[in-house]
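Descriptive analysis of the structure
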Amino acid sequence: MSRAALLILADGRFPAGGHAHSGGAEAAVKAGRVTGAPSLEDFCRGRLHTTGLVSAGLAAAAALGAADPAALDEAADARTPSLALRTAARKLGRQLMRAARATWPSPELDALARAFPKGAHQPVVLGATARAAGLGPADAAYCAAYETVSGPATAVVRLLSLDPFEATAVLARLGDDMDQVAAAAVRAAHRVPGEGLHALPAASAPLLEIGGEAHAAWPVRLFAS
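Residues numbered from 1 in each chain as written. Predicted model: local features only at pLDDT ≥ 70, side-chain atom pairs only at ≥ 80, totals over all residues. Heavy atoms only, no water.

1. Focus: the overall build of the protein
The helix and strand tally for the protein stands at 11 helices and zero strands. Reading the helices (α) and strands (β) of the protein from amino to carboxyl end gives α-α-α-α-α-α-α-α-α-α-α. A compact globule built from 225 residues should have a C-alpha radius of gyration of about 17 Å, and the protein, at 16 Å, falls within 12% of that. Seen through its C-alpha atoms, the protein measures out along the principal axes to roughly 45 × 35 × 35 Å. Buried residues in the protein amount to 51% of all 225 residues. (Helix = DSSP H or I, 4+ residues; strand = E, 2+ residues; numbered from the N terminus. Rg over C-alpha atoms; globule rule 2.2 N^0.38 Å. Buried < 20%, exposed > 50% of the residue type's maximum accessible area, 1.4 Å probe, protein only.)

2. Brief notes about the pattern of salt bridges
Oppositely charged side chains can form a pair if their charged atoms are brought close together. Per the counting criterion, the structure on display carries 11 salt bridges. The residue D11 makes a salt bridge to R13 at a minimum N-O spacing of 3.2 Å. For D11, a relative accessible area of 29% gives the class partly exposed. A salt bridge links E108 to R131, with the nearest nitrogen and oxygen atoms 3.1 Å apart. Remark: R131 occurs in helix 7 (residues 122-132) and E108 occurs in helix 6 (residues 107-115); sequence separation between them is 23 residues. Taking relative accessible area as the criterion, E108 reaches 46% and is therefore assigned partly exposed. By relative accessible area, R131 is classed as partly exposed at 35%. Through salt bridges that share partners, E41, R45, R173 and D177 make up one connected network. (Salt bridge = Lys/Arg side-chain N within 4 Å of Asp/Glu carboxyl O.)

3. A look at unusual backbone geometry
Phi at S161 is positive, roughly 55°, even though this residue is not glycine. Within the secondary structure, S161 is located in the loop between helix 8 (137-160) and helix 9 (164-173).

4. Examining the layout of surface pockets
Taken as a whole, the second largest pocket spans an internal volume of roughly 220 Å³. In terms of lining residues, the second largest pocket is bounded by 16 residues, among which A28, R33, F43, L207 and L208 are the most central. Of all the secondary structure elements, the ones that give two or more residues to the lining of the second largest pocket are helix 2 (25-30), helix 3 (37-64) and helix 11 (206-216). When residues in the lining of the second largest pocket are grouped by element, the largest group, six residues, is from helix 3. A per-class count over the lining of the second largest pocket returns seven nonpolar, six polar and three charged. (1 Å grid on protein atoms, 1.4 Å probe; cavity = no way out; pocket = protein on both sides within 12 Å on 5 of 7 lines; lining within 4 Å. Points joined across faces, edges and corners; volume = space filled by probe spheres on them. Nonpolar A, V, L, I, M, F, W, Y, C, P; charged D, E, K, R; others polar.)

5. So, the packing of helix 5 (residues 83-103) against helix 6
Running from N to C, helix 5 and helix 6 point in directions that differ by 150°, and their axes come no closer than 10 Å. When the axis of helix 5 is compared with that of helix 6, the two are roughly antiparallel. The interaxial crossing formed by helix 5 with helix 6 has left-handed handedness. In this structure, helix 5 contributes M97, A100 and R101 to the contact, and helix 6 contributes L109, D110, L112 and A113. When the residues that make up the contact of helix 5 with helix 6 are grouped by side-chain class, the tally is five nonpolar, no polar and two charged. (Axes fitted to C-alpha atoms, helices over the stretch in contact; angles between N-to-C directions. Parallel < 35°, antiparallel > 145°, perpendicular 65-115°, else oblique. Left-handed = near helix turned anticlockwise from the far one by under 90°. Contact = heavy atoms within 4.5 Å.)

6. Side note on the nonpolar core
Core analysis: the largest hydrophobic core is formed by 71 residues, its most contacted members being L9 and L40. Considering each element in turn, this core owes the most residues, 14 residues, to helix 3. Sequence-distant contacts of L9, defined by excluding residues within four places in its chain, comprise F14, L96, W104, L126, T129, A130, L135 and C143. (Core = buried A, V, L, I, M, F, W, Y, C linked by side-chain atoms within 4.5 Å.)

7. Examining the environment of L160
With respect to the element layout, L160 can be found in helix 8. Between the C-alpha atom of L160 and that of A130, which follows or precedes it by 30 residues, the distance is 33 Å. Those residues in contact with L160, other than ones at most four positions away along the chain, are V29, V34, T35 and G36.

8. Thoughts on the packing of aromatic side chains
The relation between two aromatic rings is expressed through the spacing of the ring centres and the mutual angle of the planes. Counted by the stated rule, this structure contains one aromatic pair. Geometry around W218 places K30 over its ring, the cationic atom sitting 4.3 Å from the centre. (Phe/Tyr/Trp six-rings, centres within 6.5 Å; stacked < 30°, edge-to-face > 60°. Lys NZ or Arg CZ within 6 Å of the ring centre and 35° of its normal.)

9. With respect to a positive patch on the surface
A cluster of basic residues, K91, R94, R98 and R221, forms a positive patch on the protein surface. Residue class for K91 comes out partly exposed when judged on its relative accessible area of 46%. (Patch = residues over 30% accessible without salt bridge, like charges linked within 9 Å, V, L, I, M, F, W, Y side chains within 5 Å. Areas by Shrake-Rupley, 256 points an atom, 1.4 Å probe, with all protein chains shown as cover. Lys, Arg positive; Asp, Glu negative; His and termini not counted. Charge placed at Lys NZ, Arg CZ, Asp CG, Glu CD.)

Here you go:
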């Protein structure tokens, strides 16, 4: 495994398009659910243990090669009730695929890109990218878990003019939670060959889904999702 590849993939400057998305934070700020560092931490912890766990499980399974990527994409669809969030996930997947194919050329990535010209779900692409980079399921799960919280934290710095030091401290305090989520995701991914895709996490976050639909209808917004 290349730890350098893990650093590149997890780097916020990797051109995967995440900077344009708030992970639901913009809607949460407008609704008054995120007002500062303490509520941001609560928001990120809730997102991490629900949609973050789902994303990490899908990414780990794709990195492991535990299931056909098309089947994993269907599983991602089934776990994302909101059309707005499914659309955002595919946009992110398409952008990540462009960056991944330029960075780690791979026949598997080429095949996935041909199968989903408008973009597969981002966690599936993330796992396939990790696999192409020589990384394992734990690496993919950690990347997915970290993205789940780093995106909202960065967005809230812009949305609320939150001190970046406070936002970074929030991420640091979520370290144990990220460990737990990544470990659970990898365990689930290893069960997929024997138990099928039902072994993957299917946690839900209704407020994120509702917020995503409302946010998509706003005429003016800072972030795409």
